[in-house]
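Now for the letters of each chain:
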Amino acid sequence: MHSTQPTLMQECGLTWPKPALTAWPPDAHLALAVLLALPAWLALGLLVGGRMHAPVGWVAWASFALVQPLLEELVFRGILQGQALRLTSPSGQPRRLGPLTLANLLVTLGFVALHLRAQPLAWALAVVVPSLVLGHLRERMGSVWPAVLMHAIYNTGFGLTAWLAQR
């Protein structure tokens, strides 16, 4: 008998995204997630640039731009959101609050809580929208890898904005 239950790898988004990240033209939501970051970085640099902190040294940059996005997305969008989707989809369709899934909202709350450990409340709350975008991409493309890529782009752009604001 053939099982229609997703595997743990599928539940955790450890599959190739559909469409592929290299598809041309790119997924419209993925492209929009990149393009909308540009005015956000500009606004941050102009409004609060002096209070932003850029990573110092190559190890800090590697951690901020590569390691943290990979680990945070594997845990939050992979394991936690994957299991939250399973638990909040009793009929096979995820529960939604408007356009957002309950799983994405719950994981975003956890993501903000993680950032509260090292940041003031306002900076921690600033990750709400990016977190919802990352969760949406994970669900839309059926994979955690678009969220890892976008998180790396977001962190790199934020770090470069902070670095440029200090110049």
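Here, the structure is the one placed above.
Below you will find a few notes about this structure. These numbers were taken from a predicted model, which means no experiment stands behind them. (Residues numbered from 1 in each chain as written. Predicted model: local features only at pLDDT ≥ 70, side-chain atom pairs only at ≥ 80, totals over all residues. Heavy atoms only, no water.)

## Examining the nonpolar core
If you look at the biggest cluster of nonpolar residues, it comprises 10 residues: Leu 30, Ala 33, Ala 37, Trp 41, Leu 134, Leu 137, Met 141, Ala 147, Met 150 and Tyr 154. Every element with two or more residues in this core is listed here: α2 (28–35), α3 (37–48), α7 (128–141) and α8 (145–165). Not counting the four nearest positions on each side in its chain, Leu 134 is found in contact with Glu 73, Arg 77, Ala 147, Met 150, His 151 and Tyr 154. Counting residues in each nonpolar core, the second largest holds six residues, with Val 107, Phe 111, Val 112 and Ala 124 among its members. (Core = buried A, V, L, I, M, F, W, Y, C linked by side-chain atoms within 4.5 Å. Buried < 20%, exposed > 50% of the residue type's maximum accessible area, 1.4 Å probe, protein only. Helix = DSSP H or I, 4+ residues; strand = E, 2+ residues; numbered from the N terminus. Contact = heavy atoms within 4.5 Å.)

## Re the packing of helix α4 (residues 58–87) against α8
At their nearest, the axes of α4 and α8 sit 8 Å apart, and the two run at 145 degrees to each other. In terms of crossing hand, the pair formed by α4 and α8 is right-handed. Along its contact with α4, which presents Trp 61, Phe 64, Ala 65, Gln 68, Pro 69, Leu 70, Glu 72, Glu 73, Leu 74 and Arg 77, the element α8 presents Trp 145, Ala 147, Val 148, His 151, Ala 152, Asn 155, Thr 156, Phe 158, Gly 159 and Leu 160. Grouping the constituent residues of the contact of α4 with α8 by class yields 12 nonpolar, five polar and three charged. (Axes fitted to C-alpha atoms, helices over the stretch in contact; angles between N-to-C directions. Left-handed = near helix turned anticlockwise from the far one by under 90°. Nonpolar A, V, L, I, M, F, W, Y, C, P; charged D, E, K, R; others polar.)

## Re the pattern of salt bridges
By the definition in use, this model includes three salt bridges. Between Glu 11 and Arg 86 there is a salt bridge, with the nearest N and O atoms lying 3.7 Å from each other. With a gap of 75 residues between them, Glu 11 in helix α1 (residues 8–11) and Arg 86 in helix α4 connect regions that are remote in the sequence. Owing to a relative accessible area of 43%, Arg 86 belongs among the partly exposed residues under this scheme. Arg 140 serves as the salt-bridge partner of Asp 27, at 3.0 Å between the closest nitrogen and oxygen. Here Arg 140 lies in helix α7 and Asp 27 lies in the loop between α1 and α2, a separation of 113 residues in the sequence. Overall, the relative accessible area of 9% leaves Asp 27 in the buried class. Its relative accessible area of 38% is what places Arg 140 among the partly exposed residues. (Salt bridge = Lys/Arg side-chain N within 4 Å of Asp/Glu carboxyl O.)

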